Amino acid sequence: MASEEYDVVIIGSGVGGGAVAHQLAGSAARVLVLERGTELPHEPQNRDAEAVFCEHRYRTTETWTSGARRFRPGQFYFVGGHTSFYGAAMFRLRERDFEATEHEDGLSPAWPIDYAALEPWYAVAERLFGVHGAAGLDPCEPWRSAPYPHGPVPHEPVIAEIEQRLRRRGLQPFPMPIAIDLHEGGRCERCSTCDAFPCLVDAKGDARTRLLAPALRQANVTLRTQALVTRLVTDSSGRRIVAAEVVRHGERQKVRGRHFVLAAGAINSAALLLRSATGAFPQGLANRSGTVGRHFMNHNCTALMAIDPARRNETRLPKTLALNDWYFGDAARGEPPLGHLQLLGKVGEPMLRGAMPRWVPRAAREWLAAHSVDWYAMSEDLPHADSRVGLNSDGSIDLQWRRTNQRTHRRLVAKACGLMRRIGYPLVFGKPFGLESPSHQCGTVRFGNDPAQSALDPWCRAWDHDNLHVVDASFFPSSGAVNPALTVAAQALRVGHHLRGEELQ
Ligand SMILES: Cc1cc2nc3c(=O)[nH]c(=O)nc-3n(C[C@H](O)[C@H](O)[C@H](O)COP(=O)(O)OP(=O)(O)OC[C@H]3O[C@@H](n4cnc5c(N)ncnc54)[C@H](O)[C@@H]3O)c2cc1C
């Protein structure tokens, strides 16, 4: 087995891995990023809903199980990770999301750091990703030390009218914070394919364009694609990781390092730690607490199509509006935190094909897609110890999702449907997202203050291994009810800064 050595080995080139690479770029450390996927090709199919949604051109072909059920998950393995496909909604968690909060199904636990610790890094992340937004309008937004780097993306006419109708109902819609290069001199062409599509013209602020590409311009950072890490190896004391075993083009390699940063995504990072079990660590690495793989969360999400039969919706970029009036519910009326509403990317006919019963004729799907305004309702999923990533005997992933807060989510969806009818959209159809779409996966290698209850310390360093950090969405102890990528970026930037300043000296 060939072997080589680096100062820092980063596993995964998504937001978490990319942010640490960005922080270490230009330092004295020799940094290697190992990514299982390839560069995503820029090709006409990037914008083709048929290719993306019907042929699943970019989705992994690997299959996972959930007990007896086998499925092909909505996972995308490319340089830049899932942000190459994300909808670019870049939200900060609320201050209260960092505190213990009572929900209908139990407690959303406190984080080991407060909002103030992450705030400066949220600001850095927004700057790097080029987020558009307007402060002071979101009713539960947290305080900020800097304005958004760019003003809000203006609404197209249908969305502007919805905003007015919501305001007349006493609600407080606000411009969605979004990382799209849509300002003077920007690259965005309003092509209407953002959400779940790769961007053909690199106008989406994603981990590849905003973190990795600048890092790779520095001589000390190297990216190696098609490098699947299969196992981490410790020294004889078990305190240090000494190597990553890698399979590349069918060959096994060993990459040695002084520091390892695991950022393979919440499900794959947990699986890798479990697969690295040894006699000394029979439960897997970083897992004396027994928490690795557990507390898997994935927001409760429902797509809603609100239809005004009298009006076509020609909006190309609808992701400019969101609503947080019900985020924390109404405690005075005994209402628990309900969650968040935002506009989805424009739904097209091919997307409905897989989502609707086969007997629905194509013409009906086309009519629905032409008339709908599409929303995304999102409620917090709570960490449950039996919601977990496990391994089958062949090493493949088994995912058990013990969903929580479902009544809460149904309440949010019912309120949203009622609201849409009142603002002029008499028909509303909903489709909940299931296990096969682990888009907002998190929580499986949680950080905390107590080594008995968490795998990582507040700097995302493994309690059990001095030179292992885990910086993808797996560190989340709770999920909040807004999209996760900006929070992953902020914490990984914080950790990368710490690593460069304190640990690599
Ligand atoms: C369709 C879609 C839309 C979304 N929209 C939004 C949105 O609008 N806003 C938002 O905030 N979030 C959104 N998300 C979620 C967001 O993309 C993720 O939260 C975020 O990208 C997670 O980053 P990560 O670094 O934790 O992991 P990932 O992005 O999963 O990165 C992990 C990387 O590690 C690589 N890898 C995995 N295993 C190995 C291995 N064994 N060896 C080597 N490399 C490995 C993967 O290929 C990948 O590149 C969306 C997700 C999807 C799928």
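Our subject in this report is the structure included herewith. All of these numbers come straight from a predicted model, not from anything done at the bench.

Describing the overall build of the protein
Then, in step 1: Of regular secondary structure, the protein possesses 10 helices and 19 strands.
Then, in step 2: Relative to the compact-globule value of 23 Å for 505 residues, the protein shows a C-alpha radius of gyration of 22 Å, a close match.
Then, in step 3: By its C-alpha atoms, the protein is 70 × 50 × 50 Å across when sized along the principal axes.
Then, in step 4: The buried share among the 505 residues of the protein stands at 62%.

Focus on the site of the ligand
Then, in step 1: Residues in contact with the ligand amount to 34 residues; listed here are only the nearest, Glu35, His82, Gly87, Ala89 and Ala485.
Then, in step 2: A distance of 3.3 Å separates an oxygen atom of the ligand from a polar atom in the backbone of valine 15.
Then, in step 3: For the ligand, a nitrogen atom lies 3.0 Å from a polar atom in the backbone of valine 229.
Then, in step 4: Of all the elements in the fold, those that place two or more residues in the shell around the ligand are α1 (15-24) and β9 (228-234).
Then, in step 5: Taken together, the residues of the shell around the ligand break down into 18 nonpolar, 13 polar and three charged.

Comments concerning the pattern of salt bridges
Then, in step 1: All told, the structure shown has 32 salt bridges when counted by the stated rule.
Then, in step 2: Salt-bridge contacts for arginine 144 lead to glutamate 126; the nearest nitrogen and oxygen are separated by 3.0 Å. Here the residue arginine 144 occupies a position in the loop between α3 (115-129) and α4 (157-168), and glutamate 126 occupies one in helix α3, the gap between them amounting to 18 residues. Of the two residues examined, arginine 144 and glutamate 126, each falls in the buried class.
Then, in step 3: Taking the shortest distance from any N to any O, the salt bridge between aspartate 466 and arginine 239 comes out at 2.6 Å.

Topic: the packing of α1 against helix α5 (residues 207-216)
Then, in step 1: Following both chains from N to C, one finds α1 and α5 inclined at 35°, their axes separated by 8 Å at the closest point. You can see that α1 and α5 cross each other, and the crossing is left-handed. Together, Val15, Gly18, Ala19, Ala21 and His22 of α1 and Ala207, Arg210, Leu211, Leu212, Pro214 and Ala215 of α5 make up the contact between the two elements.
Then, in step 2: Looking at the contact of α1 with α5, its residues break down into eight nonpolar, two polar and one charged.

As for the nonpolar core
Then, in step 1: Phe129, Leu232, Leu273, Leu456 and Leu468 are the most contacted members of the largest nonpolar core, which totals 113 residues.
Then, in step 2: Tallying contributions element by element places helix α10 (residues 485-503) first for this core, with nine residues.
Then, in step 3: Apart from residues no more than four positions distant in its own chain, leucine 456 is found in contact with Val445, Arg446, Phe447, Gly448, Arg461, Ala462, Trp463, Val470 and Phe475.
Then, in step 4: Formed by 25 residues, the second largest nonpolar core is a distinct cluster that contains Leu321, Leu338, Trp375 and Val428.

Some thoughts on the side chain of aspartate 457
Then, in step 1: With respect to the helices and strands, aspartate 457 occurs in the loop between β18 (427-432) and β19 (468-470).
Then, in step 2: A polar contact of 2.7 Å, which involves the side chain of aspartate 457, links it to the backbone nitrogen of tryptophan 459.
Then, in step 3: Those residues in contact with aspartate 457 that lie beyond four places of it in its chain are Phe447, Gly448 and Trp463.

Points about the pairing of strand β10 (residues 241-248)
Then, in step 1: Taken together, the six bridges between β9 and β10 define a ladder with antiparallel strand orientation. Its bridge partner lying in β10, arginine 231 is registered against glutamate 245.
Then, in step 2: From the end of β9 to the start of β10, which pair antiparallel, there are six residues, and glycine 238 there has a positive phi angle of about 85°.
Then, in step 3: Summarising the sheet, β10 and strand β11 (residues 251-262) pair through six bridges and their orientation is antiparallel. Bridge pairing in β11 links alanine 243 to arginine 256.
Then, in step 4: Linkage of β10 to β11, two consecutive antiparallel strands, is achieved through a turn of two residues, within which histidine 249 is found at a positive phi near 50°.

Points about helix α8 (residues 362-371)
Then, in step 1: Those residues of α8 not exposed but buried are Arg365, Leu368, Ala369, Ala370 and His371.
Then, in step 2: Elements in contact with the buried residues of α8: β12 (300-307), α7 (349-355), β15 (372-379) and β18.

What counts and how
- Numbering of residues starts from 1 in every chain and runs along the sequence as written.
- Totals for whole chains, interfaces and linings use all residues, but because this is a predicted model, local features are given only for residues with pLDDT of at least 70 and pairs of side-chain atoms are given and counted only at 80 or more.
- Think of the side-chain values as coming from all heavy atoms in the structure, minus any hydrogens and water.
- Counting from the N terminus, the helices are the DSSP runs of H or I reaching at least four residues and the strands are the DSSP runs of E reaching at least two.
- Taken over C-alpha atoms, the radius of gyration is set against a globule rule of 2.2 Å times the number of residues to the power 0.38.
- Only protein chains enter the accessibility calculation, which uses a 1.4 Å probe. A residue is then buried if its area is under 20% of the maximum for its type, exposed if over 50%, and partly exposed in between.
- Being near a molecule or strand, for a residue, comes down to having at least one heavy atom within 4 Å of it.
- Pairing of N or O atoms within 3.5 Å defines a polar contact, subject to two protein rules: one partner must be a possible hydrogen donor and the other a possible acceptor, and residues neighboring in sequence count only if both atoms are side-chain atoms.
- In this classification, the charged set is Asp, Glu, Lys and Arg, the nonpolar set is Ala, Val, Leu, Ile, Met, Phe, Trp, Tyr, Cys and Pro, and all remaining amino acids, among them Gly, are polar.
- Think of a salt bridge as a Lys or Arg side-chain nitrogen and an Asp or Glu carboxyl oxygen that are within 4 Å of each other.
- Helix axes use the C-alpha atoms of the stretch in contact, all axes being lines fitted to C-alpha atoms, and the angles between their N-to-C directions lie in the range 0 to 180 degrees.
- By the definition used in this description, the sense in which the near helix is turned from the far one sets the handedness, with an anticlockwise turn below a right angle giving left-handed and a clockwise turn giving right-handed.
- We call two residues contacting when some pair of their heavy atoms lies within 4.5 Å.
- Take the buried residues of types Ala, Val, Leu, Ile, Met, Phe, Trp, Tyr and Cys, join any two whose side-chain atoms come within 4.5 Å, and each joined set is a nonpolar core.
- Paired strands are those between which DSSP finds at least two bridges.

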